[in-house]
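Coordinate analysis (summary)
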Amino acid sequence: MNSKNITIVKPGAGENALSEAYDITIQPGHTGKQVVEQLKLKGEYSLTKGDGKPVDMLADLFPLVENGEKLFATTPATVGRLAA
């Protein structure tokens, strides 16, 4: 198999809080960074698996995922308060 179909889920935010899902096909050598660029997601996104563990955005994604797997596109989170 020279390609895998995966789904990228972008959790919702804002008033309607609806998530968006993108079905894409990847091939060997495809990186997480390329996936984010292909989807034209604005901002600093990383991909995580269902367990919340981040995927190396520069590594070959193909051996890291199963056909039909869902990954989540997330932005960095700030924990705690910012100093005034």
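Structure report, in brief. (Residues numbered from 1 in each chain as written. Predicted model: local features only at pLDDT ≥ 70, side-chain atom pairs only at ≥ 80, totals over all residues. Heavy atoms only, no water.)

**Here's the deal with the overall build of the chain**
Looking only at helices and strands, the chain has 1 helix and 4 strands in total. Seen in sequence order, the chain has helices and strands lined up from the N terminus as β-β-α-β-β. Across the 84 residues in the chain, those meeting the buried criterion constitute 30%. Long-range pairs, those at least 24 residues apart, make up 55% of the contacts in the chain between residues at least 6 apart in sequence. For the chain, the accessible surface area stands at approximately 5,900 Å², while carbon and sulfur atoms represent 51% of it. (Helix = DSSP H or I, 4+ residues; strand = E, 2+ residues; numbered from the N terminus. Buried < 20%, exposed > 50% of the residue type's maximum accessible area, 1.4 Å probe, protein only. Contact = heavy atoms within 4.5 Å. Areas by Shrake-Rupley, 256 points an atom, 1.4 Å probe, with all protein chains shown as cover.)

**Description of the pattern of salt bridges**
One pass over the structure, following the stated rule, counts 2 salt bridges. Of the charged contacts, one joins Lys33 and Glu37 as a salt bridge, the two residues approaching to 2.8 Å between their closest N and O atoms. Of this pair, Lys33 and Glu37 both sit in helix H1 (residues 32–38), separated by 4 residues, roughly a single helical turn. One salt bridge connects Glu69 with Lys49, and the closest N-O pair in it is separated by 3.2 Å. Highlighted residues: Glu69 in the loop between strand E3 (46–48) and strand E4 (70–74) and Lys49 in the loop between E3 and E4, separated in sequence by 20 residues. The exposure class of Lys49 is partly exposed, given its relative accessible area of 23%. (Salt bridge = Lys/Arg side-chain N within 4 Å of Asp/Glu carboxyl O.)

**Topic: unusual backbone geometry**
For Lys40, which is not glycine, the phi dihedral falls at a positive 55 degrees. Tracing the backbone shows Lys40 in the loop between H1 and E3. Given a relative accessible area of 64%, Lys40 falls into the exposed group.

**Digging into the environment of Gln27**
Looking at the element boundaries, Gln27 is found in the loop between strand E2 (20–26) and H1. Judged by relative accessible area, Gln27 falls into the partly exposed class, the value being 47%. The spacing of Gln27 and Pro63 is 36 residues in sequence and 9.7 Å in space, taken between C-alpha atoms.

**Description of the packing of aromatic side chains**
What describes a pair of aromatic rings is the distance from one ring centre to the other and the angle between the planes of the rings. In the structure shown here, the tally under the stated rule is 0 aromatic pairs. Positioned above the aromatic ring of Phe62, the side-chain terminus of Lys4 is 4.4 Å from the ring centre. (Phe/Tyr/Trp six-rings, centres within 6.5 Å; stacked < 30°, edge-to-face > 60°. Lys NZ or Arg CZ within 6 Å of the ring centre and 35° of its normal.)

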